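Working through the structure, step by step
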Amino acid sequence: MHVAAADSLLPAVVLISGEGSNLQAILDANLREPVLDLRAVISSRVNAHGLARARAAGIPVHALPATPDMTRTQYDAELAALIVPLQPALLILAGFMRILSAEFVAQFHGRLLNIHPSLLPKYPGLDTHRRALNAGETEHGCSVHFVTAAVDGGPVIAQARVPVLPGDSPQKLGARVQTREHRLYPQIVNAFARGRVKLENDRVWWNGQPLLKPRVLAWNEDLIT
Ligand code: GAR
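Presented here is a report on the structure given in the accompanying data block.

This part is about the pattern of salt bridges. Scanning the entire structure with this criterion turns up eight salt bridges. D127 is the partner of R130 in a salt bridge, and the nearest nitrogen-oxygen pair spans 3.5 Å. Taking the relative accessible area as the measure of exposure, D127 reaches 45% and is therefore partly exposed. Here K198 and E200 are joined by a salt bridge, their closest N and O atoms 3.2 Å apart. Residue K198 is classed as partly exposed on the basis of its relative accessible area, which comes to 38%. With relative accessibility at 35%, the residue E200 sits in the partly exposed group.

Let us look at the environment of L217. Structurally, L217 can be placed in strand β11 (residues 215-217). For the pair L217 and L64, spaced 153 residues apart in the sequence, the C-alpha separation amounts to 35 Å. Filtering out sequence-adjacent residues up to four positions away, L217 remains in contact with Q159, A160, R161, R180, L184, D222 and L223.

A sheet is described by the order of its strands in space; here eight strands give the open sequence β3-β2-β1-β4-β5-β6-β7-β11, paired in mixed fashion. Each edge of the open sheet is held by one strand with a lone partner, namely β3 (61-63) and β11. Sheet twist, expressed as the mean angle between neighbouring strand axes with direction ignored, is 20 degrees. Bridge count for strand β2 (residues 36-43) against β3 is three bridges, and the pairing is parallel. Paired with S43 across the two strands is A63, which belongs to β3. Against the sheet, helix α1 (residues 21-32) engages β1 (10-16), β2, β4 (90-93) and β5 (112-116), with an angle of about 165 degrees to β2.

Quick look at the site of the ligand now. The ligand sits among E19, G20, S21, N22, G95, M97, I115, H116, P117, D152, Q178 and E181. A distance of 2.5 Å separates an oxygen atom of the ligand from a polar atom in the side chain of S21. Within the complex, 87% of the 450 Å² of free accessible area of the ligand lies under protein. Those elements that place two or more of their residues in the shell around the ligand are α1, β5 and α6 (170-193). Residues of the shell around the ligand, tallied by class, amount to three nonpolar, six polar and three charged.

Packing of α1 against α6 brings their axes to within 9 Å, and their N-to-C directions diverge by 45 degrees. In terms of axis orientation, α1 runs oblique to α6. Seen along the crossing, α1 lies across α6 with a hand that is right-handed. On α6, the residues touching S21, N22, A25, I26 and A29 of α1 are Q178, E181, H182, Y185, P186 and V189.

Okay, the side chain of N30 next. Along the chain, N30 turns up in helix α1. Since its relative accessible area comes to 13%, N30 is described here as buried. In this view, N30 contacts V35, L36 and L38; residues no more than four positions away in its chain are not counted.

Another point: the nonpolar core. Counting residues in each nonpolar core, the largest one holds 43 residues, and the members touching the most others are L36, L90, I92, L113, I157 and Y185. Broken down by element, the residue count for this core peaks at eight residues, all from α6. Setting aside anything within four residues of it in sequence, one finds Y185 in contact with N22, I26, I92, L93, A94, L113, N114, I115 and V144. Counting 19 residues, the second largest nonpolar core, distinct from the first, contains L79, L91, V105 and L112.

Definitions and limits used
Residues numbered from 1 in each chain as written. Predicted model: local features only at pLDDT ≥ 70, side-chain atom pairs only at ≥ 80, totals over all residues. Heavy atoms only, no water. Salt bridge = Lys/Arg side-chain N within 4 Å of Asp/Glu carboxyl O. Buried < 20%, exposed > 50% of the residue type's maximum accessible area, 1.4 Å probe, protein only. Helix = DSSP H or I, 4+ residues; strand = E, 2+ residues; numbered from the N terminus. Contact = heavy atoms within 4.5 Å. Pairing = 2+ DSSP bridges. Axes fitted to C-alpha atoms, helices over the stretch in contact; angles between N-to-C directions. Near = heavy atom within 4 Å. Polar contact = N/O pair within 3.5 Å; in protein donor to acceptor, adjacent residues only side chain to side chain. Areas by Shrake-Rupley, 256 points an atom, 1.4 Å probe, with all protein chains shown as cover. Nonpolar A, V, L, I, M, F, W, Y, C, P; charged D, E, K, R; others polar. Parallel < 35°, antiparallel > 145°, perpendicular 65-115°, else oblique. Left-handed = near helix turned anticlockwise from the far one by under 90°. Core = buried A, V, L, I, M, F, W, Y, C linked by side-chain atoms within 4.5 Å.

Right, here's the structure in full:
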């Protein structure tokens, strides 16, 4: 196992809302090759299973459920108040099922990554697997992108294709997409932590060059950095 000095690890915080399988993939990858100093996992739901995964990995956890009287701006201000003292250089959205306000996104500009279960710009929003099946797609996938104020609209870094197979249900297709997410997301996080990928002037830079279009990976292909 490659062991990095603690001061060379990138301070990071992960935001989740549920199962936390992408969080787990990031935790596992960070054990194999440590690049992140994971300072907290914050969940928008108190009973998110991902919180147990974080605890098991010895990472501090916070649950921040929204109350009915809270505006989005108020919620995001509380979220930022939890995050800022931790001084993360990276915020990883891993199934965080809330739309973030423009103020929050601006505050963490260039430090916010998200994974979305579709080949963006196709199928932003919810229920992506059902929508892809209903549209008769023969391939589907997942995308990792920098977060901007446009929901699921920030610059895409990389995406991975997933085949749609005969007899697929949204559940079956969703499970296949998630398997692929678990390979792709840790690889992008690793590339960000090593300074290979960044957002500058609203575009993605990869190894010092502007990325003219997202890296598109086949089902079985790994990202080469
Ligand atoms: C993932 O499939 C992710 O792509 C999706 O939520 C799931 C979370 O699963 N995110 C979105 O839909 C964001 N728009 P997990 O909690 O097991 O990682």
